Structures are given as structure tokens and as C-alpha cells.
Amino acid sequence: MPKNPKLKSILIIGSGPIVIGQACEFDYSGTQALRSLREDGIETILINSNPATIMTDPSMADHVYLLPLTTKSIVQILKEHPQIDAVLPTMGGQTALNLCIEADEKGIWKDFDVEIIGVDIDAINITEDREQFRELMEKIGVKMAPQATATSYLEGKTIAQEFGFPLCIRSSFTLGGAGAAIVYEEKDYDELLTRGLEVSPIHEVMIDKAMMGWKEYELELLRDANDNVVIICSIENMDPMGIHTGDSITVAPAMTLSDRTYQKMRDMAILMMRSIGDFAGGCNVQFAVSPDENEDIIAIEINPRVSRSSALASKATGYPIAKIAAKLAIGYNLDELDNQITKSTSALFEPTLDYVIVKIPRWNFDKFEGSDRTLGLQMKSVGEVMGIGRSFQEALHKATQSLEIKRNGLGADGKGYKNYDQIIEKLTNASWDRVFVIYDAIQMGIPLSRIHEITKIDMWFLRQYEELYHLEKEISTFNIDTIEKDLLLEAKQKGYGDRQIAHMLGCLESQVYNKREELNINRVYKLVDTCAAEFKAQTPYYYSTFESDVQTADGKRFTANESEVSDKKKVIVLGSGPNRIGQGIEFDYCCVHGVLAAAEAGYETIMINCNPETVSTDFDTADKLYFEPVFWEHIYDIIRHEKPEGVIVQLGGQTALKLAEKLDKYGIKIIGTSFEALDLAEDRGSFSKLLKDNDIPYPEFDTAETAEEALEVAKKLDFPILVRPSYVLGGQGMKIVINEKELEEHVVDLLRTIPNNKLLLDHYLDGAIEAEADAICDGENVYIIGIMEHIEPCGIHSGDSNALLPPFNLGDLVMQQIKDHTKKIALALNTVGLINIQFAVKDDVVYIIEANPRASRTVPFIAKAYGEPYVNYATKVMLGDKKVTDFDFNPKLEGYAIKQPVFSFNKFPKVNKKLGPEMKSTGESILFIDDLKDDEFYNLYSRRRMYLNK
């Protein structure tokens, strides 16, 4: 059946600010859905309070409402748009589903005659209410773990007595496993049960027998109104049951499942999807499988919406699940839609992979001092990376190289653990770095059977690790001159980086690179094509690998490279890698706008990124997508292959910026601000000289490289002192110290975690007001796009501060100083593109805290508040396509916009929640107010000093 002609206007509910458990994968899903509906001429109305995302860009929907996600806002929108026919709540994660249920319970959809599409309320209720779900599964003959629900403490105690330990506690109607826990011993049960009941909005928990050591799988399904079902992707968790799937290393397609069991699992998933309701859309189903010959299957849960894994499955297969799910929701059937990559096969055609993908989560435990770092049922990761390779080993290495945690891959970098007890401890209590520790354990000689006994990770995965270790041992017996081509090729095919091979051979990375060149061991690029090359793919979405060369009949030797280079002028945009605190989705917003602006300026656009959750890695955002680690070796090979005019590093946060020095050294043009200027802004000594030469005040400071030097500096600076390392993002390691003892402890600790770092020590301006400005500069002209004043005092990281645009109580004298300083600094740094400058205001004097000549966290916020595409303008300036004076700036904002940080402290109950110079927020929302009499502003202002952690 084609599109439902009655649906002309649809409301989409977004997922709100980013929190642990609900990140930018829903921004990706929502963006896909909006584009999909607009293709069909449907009017789209979006509600989402997150200013940092592409989803809330004015170009994405016909009407964007940056409002709090409440039923009050829903009613306001429905009154303004009586033409809305339906609501699509499945693209905004749990937040959207919960809001949809609340609006349904209040009768709002009925009052305004709005249909719910893509899911039905019964399906949401059945899958969220664990008791109802268990009864339904029993009825249709799908096995589950022995379980029972409790709505009181007493009920919970009785169930535990009946089942015995270990037990799982899961809270109903929560997200990212909030409130969930595994309880091994009775002594911990009372506290965890109470917490689970408190976290659930309906005060209900499901208690089930823990299936520890069982293997965990996920299937992504789509179903149309004709009851056609396709299974897009099977995903296997390398970590067994007991670790939240968002915190697990996952592999697609499933690696260790027999075909017989896979077919059974498919049938169960389809039966489950059909039984929960009669709707057209997407579903994610999770199963556990016993780790023996029987391979017994039990169902864990089903989510009747696109999920975190849907984004991963879309990127893994090239099948855009959210885009197709939106089409199914408006009435299309699968056989009426095209496969988006081949353009010649049907969407009813299930993807087949001739490569392997590995997803590894990215954690930020360093931001949550005192947090429990072991992994369990409650999700704790803030982002993820994906590696694509021809084998599990290659994909695993590429994923570890993408994490940006100062590792070059698995092992072979001198950074592994050497202490037996520490290794056993990290394997026993699943740690965030267990992916590396397994390699260390094998290297130490701990038998695979013992590692399997402790971790319950399938032996197949452990043997893959063991093979890698044997290869490393073999390579280490050679040097750069004696290593043979076959052995070097095998190391590259298994994903080892040049740096790791250099470590094994005891030589320089550049020597390994040259040796590869000499032996003709070069990267080749393959298409992600959804159909294992059975049909020709039209979409330029690539990953790299290494192949043995083949000889043709006429004696020529070659390797097949599927990435054809055009003769158009090209530009590469470097992405920001995995999401983390301090570098989130706002940089993805900037990258996407940069790509679109470069295309408008006549360039072929090439995107390099490894984050599966984002819009920048959508296969139709740039002209060409290389899904590769933002890691020097990979980037350099792509640059040599594509020969672009230059590379844009300004839009991808610190990740891209850190590669500027290498690009400069290799003579590759950096588009926009030069490396010298970027480096000057980071080097506190040179930057202060620039400020001094321009008569711009800055807090007294000095630098130190040892604790002894720091104590000397303290004598002339006076406490309190702000200590911070150089070249970090999100205020990593920043702290205000008030005496010599604190200073010494902090410096010793910093130099242990970030060796050889130059530390900056500033006299902290106590009680100062903090402000910041973002501007665009073309080297001659400067336009300030926005000045924001922080509500919290100076000393709280700008990413954790509530901030008002425009400022609310800075006098004309101060404002003029901010404008003058911004223009002077932008020009003195020879900025071409964006710059962000942070100020401390004390006694009507404006001091400079720092300047960052790149896209900042606040640019998307200012662009949304003023309704102007600033990143588009800045990119055209960087490319030399336009001057600042060519744009007709016309910001529109009545009243004020408040940037409100959002924290995920609920995932770490015992953590110190005080704020300071190190950033801790995971996301942000935007709130518009008419004037300063607004209750919300008044409330924020009155609490402004509460959290300051000096």
C-alpha cells in the first residue's frame, strides 16, 4: 500500500538533551525520519529542547520548536498547528515514548484528533511493563529467565528468598538500564532493591534469576503494514550477560552462533514483534543464549522503537533503518521502497555483510571522581566508536585506534598491564579497559581456559586475541630490514597500526610506512554496499583494508580499490570521533554544516569519522564518507589517495585539531586558521606575549613542568591558583587549589596521568563574572556572532555553566572591552574562520582566560538562538569563497536564550556532584525567556554559587 493520503502534517518528538543512555543516535534517527517524511511532501513539526544537534536545525523540519519536552509544550504546538494529523514518537528514544504515553493518558492526542504512528500505545505499555511482557511471552511460548515483579520492598525480599542469588534487578519505564543491578550477595540486596524501586516512575522492579555467562545477542527488525518483516542485522555482544549492551563490545554480524540457532532466534523475534501489537515500524529484540551445545534461547526484552543499536546497525549495513521506519509509519510497504545504497534492489532485501564491524564504548570515568568503574546492568558509557574490517581482528584494532585514549591498538604499544593481580582483578570485575586487558593476560601467559572461566567470553573471541599475540611475537624476532612482505601484510590485514609494528621491530613509525611503500603494501578502499557486492552500490561509503595483490593474465599485479578519485576540487572535513564529556554532538553539527557549505562553494566533500551515532557519518551527508579512525595513519593514506585542496580541522573539536601539527609537518594545507595560529593560542607563554603586545589584560600566570617548579611559581602568584594542563578539552585535569599541599598533590597526580605536559598556573580571580564570545574572522574583518554571560561565577567550566545570550548585567564599558578584545585577538591570531574567547570580569576590567581559534561548543547554541547559519558562513570564509562583509547578518531573538547544562550524575550515585573547572555535563538544553523576571532565570540566579567547588 502506498503512502496514507490522510497524513499531511506530522509531529516528531525528539529525545532532548544528551544523557548517558540516550545520546546522539536519536539525533541521527530523528534527522533521518524528518528527511524521509519531507521527501514525501509531508509537513514536519519537531519538538526537541537540544540546541547542539543537527536535528533542531531550521533546515531539517518545516517548524522547529526548541521547547521543554512536556505535555504543556505539546498542547501549545497542537494549538498553533491544528493541521497536525499524526505523531511519530519512535525516533526520540525513551524520552519521546514516555512523553507520548503521558500525553495519551491525559487525552491530549484524542482532544486534538492526532493519530499515533510507527507504534501503538499497547506495544509501548506491554514492553515497558515487565510483568505484562512476561505474561505475553509465556502465552506465545517464548522462554524468559525465571522472574517476578515487585512493587514494594517486602515483595522484593520474598522473591529473593525464592530465587536465591545472583539476581538481576531491573526498573520498569527507565532508560539506559537506570536503576538496574546484579546482586551477588544478600548484604547488598536491600540498598539496590530500594534504589531500583525509587528510580522507576511507577515504583516497580523486575527481579530475575541472573543468567550469568550466557551469551547476548540483538536483532534489528522492520515490519510493514502488510506484515512483511526484514531482519536488518544480527549483533553479538562479546561481553556475556551481565553488562548493559550499551557498555558491551559488540560485533556484527553475529560470530559464534550456529545457523540453526540463528534461524530459531529470527522466528522468535518475528513472533515477538507480531505479538506486541499491530504496527508498522522498527523493533530491537535482545536475547540470551546458553553457552553450551544446546544453545537454549531466552528473550530479554523488546523495544518497539529505533534504539541505540539501530544507529549502529544502520551504519554497519548501510541500511538506513530510521529512514525506512518513517516511510513504513506513513503507510508504505517494504517492497515499494528502494534499497538506499544499491538504488536497484528493494528495501525488502535483507542486508548481507562481507566485512565485520566492532563497536567499542567510550567512557569518561575520569570526570566522575570516586565513581564505580566496573561495568554492569546500568549503562555508563558516554559515546562509542565503530571499526570496519575484513576480519574481526582488523575491525577490533581499528575500533581501539578510534577511541582516542592514547592507545595505538591492542597491545604492542608498551602500555599494557604487567601486574598479575591487577590483570585478574580487571578481568573478574569487568573494567572499561577489559578489551585491552585480555591481550595483556595472554601476553603474561594466563591460559585461555582461565580467561574464559573468569570472563565467560566465548573461546572463539579469545582465540582471535591469541592469534594476534602469536603474530606480535613472531614479528618481534625480525627488524625493519629483515621482515618479509607476507608477514608485514598479515600484520596490516589483522589491523596492526604502523606505530605498533614499529614498536615490535624497534624502529620509527615512518620507517614502517616507507617499508610498506617499498613492498607495495597499500591500503585499498572497499564499499559498504549492504549486499556483499552482489549488486552494484551507488553510494560512496568506504572503509579501508589490505589485500594480497593478484596477477592478471598479462602479468600485471594489482589490488582492487573501489574508491574512484574524481578530478573535482575536493576538501576533507575531519570529524570529532567518539562523543565524550567536553566534546559532544555540537562538533558533529559543525562538521555537517561545514560539509554542506563546502558543497555549496563547489567542492567535492569528503568526511572522515568513526562515530556510528552521528549524522556526519550518514552515507549521504558528504559526497564521500570514509568510515575510518581519526588516527594519523588512516587520514594520511586517504589524503594521499584523494589529493584534496586541503583539510578542515576547525570543526571537529580537539580530535581534529590535534592532527593539525602532523598535517602541517607533511605539507598538507590546513583550510582556515593556520597551524601556527592554532599552536600559538595553545602555548600560554606565546599567547600571553600577544596579549601584552596588544594591551589586553590577563590573570597573572606562569608555567611549570614539575611539582617543584609549580611550588616556586605559587610564591609569586598568590593563592587561589587555577592549575591546568595544555592541549586538553573539557577542562580535563583543571583544578583550583588554595594551598601548597593541594598544589603539590594535584601537580604530581596530573603529571602521572599526562606525562611531559606543560602545566599552566593562573592566579584565580575569585568572585569574577565569566563571559564568552564567538566570532567569525576572515583575517581582515571580524563579526561577533554572540556574547554570552555565565550565571555561575568564574571557576565553573563554561560547559557546566548556565549562560545567557545576550548578557544580562554587563555594563556598556565591559561590553565594549569584550568587543574590542575579541576583534584584536582574532586579528592578531590571523584567524580565518571561527574563534571562541573566554573572559573573566572583575571590577569592570575584562581579563582573557583563553582563546580557541576553532568551532566551540556554543556555536550551535548561538546559531539556534539567533536563527542564523553561522557555521555555513564560517566555512565559506575558511575556504576563501566569501569575506565576512559578504554576509547579511540578521540575528533574531526576542528576550533571552539560556543554555542549560544537563548532567548524568544519577548513573554514579556516590560521586561528588560539585562543579569546578573540569567539565562534567553530558548535554544541554535551550530555554527561551521573555525577560529577567522569569521564574526559571530567577531560580538559576539565586542558586548560582551553590555548586562552586574551589
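*Asks:* Tell me about the overall build of the protein chain, and please be specific about residues and values.
*Replies:* Helix and strand content of the protein chain: 31 helices and 35 strands. Relative to the compact-globule value of 30 Å for 950 residues, the protein chain shows a C-alpha radius of gyration of 27 Å, a close match. C-alpha extents for the protein chain along the principal axes are approximately 80 × 75 × 60 Å. By residue count, 65% of the 950 residues in the protein chain fall in the buried class. Long-range contacts, defined here as pairs at least 24 residues apart, represent 70% of the contacts in the protein chain between residues at least 6 apart. Looking at charge distribution, the protein chain has the averaged site of its 101 positive side-chain charges lying 2 Å from that of its 146 negative ones.

*Asks:* Give a detailed account of the side chain of D239, specifying residues and quantitative values.
*Replies:* As for its position among the elements, D239 is in the loop between β11 (229-237) and β12 (250-252). One polar contact links D239 to R434, side chain to side chain, over a distance of 3.0 Å. Among residues more than four places away in sequence, those in contact with D239 are D247, S248, I249, R434 and I457.

*Asks:* Residue-level account of the pattern of salt bridges, with values.
*Replies:* Note on pairing: side chains with opposite charge can pair once their charged atoms come close. In total, this model carries 51 salt bridges according to the counting rule given. K526 is the partner of E547 in a salt bridge, and the nearest nitrogen-oxygen pair spans 2.9 Å. Here E547, found in the loop between β18 (541-545) and β19 (550-551), pairs with K526, found in strand β17 (residues 524-527); they are 21 residues apart in sequence, far enough to count as distant. Taking the relative accessible area as the measure of exposure, K526 reaches 4% and is therefore buried. Bridged by salt links that share partners, the residues R35, E39, D40, K323, K327, D618 and D620 form one connected network.

*Asks:* For the sheet that holds strand β24 (residues 646-648), give the residues involved together with the corresponding values.
*Replies:* Within the open sheet, the six strands sit side by side as β17-β18-β23-β22-β21-β24. Their pairing is mixed. This sheet does not close on itself; its edge strands, each paired only once, are β17 and β24. Strand-to-strand twist in this sheet, taken as the mean axis angle between neighbours without regard to direction, amounts to 30°.

*Asks:* I'd like a description of the layout of surface pockets, backed by residues and values.
*Replies:* Its boundaries defined by the atoms lining it, the second largest pocket holds a volume of some 1,100 Å³. Of all elements in the fold, only β8 (181-183), α8 (189-199), α13 (420-428) and α15 (448-455) reach the threshold of two or more residues within the lining of the second largest pocket. Taken together, the residues that form the lining of the second largest pocket break down as 19 nonpolar, 10 polar and 12 charged.

*Asks:* Which residues make up the sheet that holds strand β28 (residues 759-763), and what are the values?
*Replies:* Across the sheet, four strands lie side by side as β25-β28-β26-β27; this open sheet has antiparallel pairing. Two strands lie at the open edges of the sheet, namely β25 (701-704) and β27 (735-737), each paired on one side alone. Put simply, the sheet's adjacent strands are angled 25° from each other on average, direction ignored. As judged from the four bridges shared by β25 and β28, these two strands associate in the antiparallel manner. Directly across from A704, in β28, lies its bridge partner L759.

*Asks:* I'd like to hear about the packing of helix α14 (residues 434-444) against helix α16 (residues 459-475), residue by residue, with values.
*Replies:* At a minimum axis separation of 10 Å, α14 and α16 run at an interaxial angle of 60°. If you check the angle between α14 and α16, you find them oblique. Here the hand of the crossing between α14 and α16 comes out right-handed. For the pair α14 and α16, the contacting residues are V435, I438, Y439, I442 and Q443 in the first and L462, Y465, E466, L468, Y469 and E472 in the second. Residue composition of the contact of α14 with α16, by class: eight nonpolar, one polar and two charged.

*Asks:* Explain the environment of N419 to me, and be specific about the residues and the numbers.
*Replies:* Summarising the element assignment, N419 is placed in the loop between α12 (392-402) and α13. Residue class for N419 comes out partly exposed when judged on its relative accessible area of 40%. Separated by 21 residues in the primary sequence, N419 and D440 place their C-alpha atoms 9.4 Å from one another. Of the polar contacts made by the side chain of N419, one reaches the backbone nitrogen of D421; its length is 2.9 Å.

*Asks:* Give a detailed account of empty space enclosed by the protein, specifying residues and quantitative values.
*Replies:* If you walk through the whole model with that rule in mind, you get 12 cavities of 30 Å³ or more. Of the volumes computed, that of the second largest cavity is approximately 480 Å³. In terms of lining, the second largest cavity is formed by 33 residues, of which the most central are G177, H244, Q286, E301 and N303. For the lining of the second largest cavity, the elements supplying multiple residues, two or more each, are α5 (121-128), β7 (167-171), β10 (215-223), β13 (281-289), β14 (297-303) and α10 (308-317). Broken down by element, the lining of the second largest cavity gets its largest block of residues, four residues, from β14.

*Asks:* Kindly report on helix α19 (residues 509-519), identifying the contributing residues and their values.
*Replies:* Restricting attention to buried positions, one finds in α19 the residues V512, Y513, K515, R516 and L519. The buried residues of α19 occupy one face: seen down the axis, they fall within an arc of 160°. Among the structural elements, α17 (485-493), α18 (498-505) and α21 (632-642) are those in contact with the buried residues of α19. Immediately beyond the C-terminal end of α19, within one or two residues, lies N520, with a positive phi of roughly 60°.

*Asks:* Lay out the pairing of strand β34 (residues 896-902) with the relevant residues and their values.
*Replies:* Burial analysis of β34 places seven of its seven residues in the buried class, the great majority of the element. Every second residue of β34 is oriented toward a common face, with Y896, I898, Q900 and V902 on one face and A897, K899 and P901 on the other, all of them buried. Inspection of the sheet shows strand β31 (residues 803-805) paired to β34 by three bridges, in the antiparallel sense. Along β34, the bridge assignment pairs L805 with A897. Across seven bridges, the pairing between β34 and strand β35 (residues 923-929) is antiparallel. Note on β35: the bridge partner recorded for Q900 is S925.

*Asks:* Summarise the packing of aromatic side chains; cite the residues concerned and give the values.
*Replies:* Taken as a whole and judged by the stated rule, the model has 23 aromatic pairs. Seen in terms of ring centroids, Y355 and Y543 are 5.4 Å apart; in terms of plane orientation they differ by 50°. Their pairing is tilted. Taken as a pair, Y355 in the loop between α11 (321-329) and β15 (356-362) and Y543 in strand β18 lie far apart in primary sequence, 188 residues in all. Note on accessibility: Y355 and Y543 belong to one class, buried. Each ring, one from F903 and one from F905, has its centre 5.3 Å from the other, and the planes form 5°; the classification is stacked. When its relative accessible area of 25% is taken as the criterion, F903 is described as partly exposed. A network of ring pairs unites the aromatic residues Y783, Y870, Y873, F887 and F889 as a single cluster. Between K315 and the ring centre of Y28, over which it is positioned, the NZ or CZ distance is 4.0 Å. Cation over ring: K569 sits above Y603, and NZ or CZ is 4.2 Å from the ring centre.

*Asks:* Summarise the pairing of strand β9 (residues 205-209); cite the residues concerned and give the values.
*Replies:* With four of its five residues buried, β9 lies for the most part within the structure. In the sheet, strand β6 (residues 147-150) pairs with β9 via four bridges, with the strands oriented antiparallel. The partner of T149 across the bridge, within β9, is M206. Alignment of β7 against β9, held across five bridges, turns out to be antiparallel. Within the sheet, the bridge partner assigned to R170 lies in β9 and is M206.

*Asks:* I'd like a description of helix α20 (residues 585-600), backed by residues and values.
*Replies:* Here α20 contains 16 residues, and its C-alpha end-to-end distance of 23 Å stays within 8% of the 22 Å for a straight helix at 1.5 Å per residue. A positive phi of about 90° marks G602, the residue just after α20.

*Asks:* So what's going on with unusual backbone geometry? Residues and values would help.
*Replies:* Note that the residue after A252, namely P253, is joined by a cis bond; omega there is -10°. Within the secondary structure, P253 is located in the loop between β12 and α9 (259-276). Going from L805 to P806, the amide bond is cis rather than trans, its omega being -15°. Here P806 is to be found in the loop between β31 and α28 (812-828). With a phi close to 65°, K406 is a non-glycine residue in the positive phi region. Of note, K406 is situated in the loop between α12 and α13. Overall, the relative accessible area of 56% leaves K406 in the exposed class.

Cut-offs and rules
- Residues numbered from 1 in each chain as written.
- Predicted model: local features only at pLDDT ≥ 70, side-chain atom pairs only at ≥ 80, totals over all residues.
- Heavy atoms only, no water.
- Helix = DSSP H or I, 4+ residues; strand = E, 2+ residues; numbered from the N terminus.
- Rg over C-alpha atoms; globule rule 2.2 N^0.38 Å.
- Buried < 20%, exposed > 50% of the residue type's maximum accessible area, 1.4 Å probe, protein only.
- Contact = heavy atoms within 4.5 Å.
- Lys, Arg positive; Asp, Glu negative; His and termini not counted.
- Charge placed at Lys NZ, Arg CZ, Asp CG, Glu CD.
- Polar contact = N/O pair within 3.5 Å; in protein donor to acceptor, adjacent residues only side chain to side chain.
- Salt bridge = Lys/Arg side-chain N within 4 Å of Asp/Glu carboxyl O.
- Pairing = 2+ DSSP bridges.
- Axes fitted to C-alpha atoms, helices over the stretch in contact; angles between N-to-C directions.
- 1 Å grid on protein atoms, 1.4 Å probe; cavity = no way out; pocket = protein on both sides within 12 Å on 5 of 7 lines; lining within 4 Å.
- Points joined across faces, edges and corners; volume = space filled by probe spheres on them.
- Nonpolar A, V, L, I, M, F, W, Y, C, P; charged D, E, K, R; others polar.
- Parallel < 35°, antiparallel > 145°, perpendicular 65-115°, else oblique.
- Left-handed = near helix turned anticlockwise from the far one by under 90°.
- Arc of directions from axis to C-beta.
- Phe/Tyr/Trp six-rings, centres within 6.5 Å; stacked < 30°, edge-to-face > 60°.
- Lys NZ or Arg CZ within 6 Å of the ring centre and 35° of its normal.
- Expected span 1.5 Å × (residues − 1).

Honestly, it's all geometry; don't read function into it.
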